Amino acid sequence: MIFAAPLAIAVLTGVALIAALTGDGWRDALSWFGLAVPILTIAWAMRTRLT
């Protein structure tokens, strides 16, 4: 259970990377969203630790 969130982030990132390499249009949007999730997660974690 402890590895559920990191595994979900890893799968989403993998899907985003494949989408970025295989197409245009909606796949570009999916890749931007999927690759932004780890960055936003780190920013959220850093912000909650500081408060």
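Small disclaimer: the values here were computed from a predicted structure and weren't measured.

## Quick look at the overall build of the chain
Along the chain, the regular secondary structure elements total 2 helices and 0 strands. Seen through its principal axes, the chain has C-alpha atoms that stretch 40 × 25 × 10 Å. When the 51 residues of the chain are sorted by exposure, 14% land in the buried category.

## Some remarks on helix α1 (residues 4-22)
The end-to-end C-alpha separation of α1 is 27 Å, in line with the 27 Å expected for 19 residues at 1.5 Å each. Inspection of α1 places Thr13, Ala16 and Ala19 among the buried residues, and these make up the whole buried set. Buried positions in α1, seen along its axis, are confined to an arc of 125° and lie on one side of it. Seen from the buried face of α1, the exposed residues on the opposite side, beyond 90 degrees, are Leu7, Ile18 and Leu21. Turning to α1, the residues buried within the fold contact α2 (26-50).

## With respect to the packing of α1 against α2
Across the interface, α1 lies against α2 with an axial gap of 8 Å and an inter-helix angle of 145°. Two packed elements cross with a definite hand, and for α1 against α2 that hand is left-handed. Here Ile9, Leu12, Thr13, Val15, Ala16, Leu17, Ala19, Ala20 and Thr22 of α1 lie close against α2, whose contacting residues are Arg27, Leu30, Ser31, Phe33, Gly34, Leu35, Val37, Pro38 and Thr41. In terms of residue class, the contact of α1 with α2 is built from 12 nonpolar, 5 polar and 1 charged.

## Concerning a nonpolar patch on the surface
On the surface, Leu7, Val11 and Val15 cluster together to form a nonpolar patch covering roughly 260 Å² of accessible area. Tracing the backbone shows valine 11 in helix α1.

About the criteria used
- Just so you know, the residues in each chain are numbered from 1, in the order the chain's sequence is written.
- Where local features are concerned, this predicted model is filtered to residues with pLDDT of at least 70; where side-chain atom pairs are given and counted, the filter is 80 or more; whole-chain, interface and lining totals use all residues.
- Calculation of side-chain values draws on the structure's entire complement of heavy atoms; hydrogens and water are dropped beforehand.
- To qualify as a helix, a DSSP run of H or I must reach at least 4 residues; to qualify as a strand, a run of E must reach at least 2; elements of each kind are numbered from the N terminus.
- Only protein chains enter the accessibility calculation, which uses a 1.4 Å probe. A residue is then buried if its area is under 20% of the maximum for its type, exposed if over 50%, and partly exposed in between.
- What a helix should span is 1.5 Å times the count of its residues minus one.
- Note: the arc covers the axis-to-C-beta directions of the helix.
- Only heavy atoms enter the contact rule, under which two residues are in contact if any of them lie within 4.5 Å.
- Fitted lines through C-alpha atoms serve as axes, helices being fitted only where they are in contact, and the angles separating the N-to-C directions of these axes extend from 0 to 180 degrees.
- Take the far helix as your reference; a near helix turned counterclockwise from it by less than a right angle gives a left-handed crossing, and one turned clockwise gives a right-handed crossing.
- Under the scheme applied here, ten amino acids are nonpolar (Ala, Val, Leu, Ile, Met, Phe, Trp, Tyr, Cys and Pro), four are charged (Asp, Glu, Lys and Arg), and all others, including Gly, are polar.
- Only residues whose relative accessible area exceeds 30% and that form no salt bridge are eligible for patches; like-charged ones are grouped when within 9 Å, while nonpolar side chains (Val, Leu, Ile, Met, Phe, Trp, Tyr) are grouped when within 5 Å.
- Calculation of accessible area relied on Shrake-Rupley with a 1.4 Å probe; when residues are assessed, cover is drawn exclusively from the protein chains displayed.
- Salt bridges are defined by distance alone: a side-chain nitrogen of Lys or Arg within 4 Å of a carboxyl oxygen of Asp or Glu.

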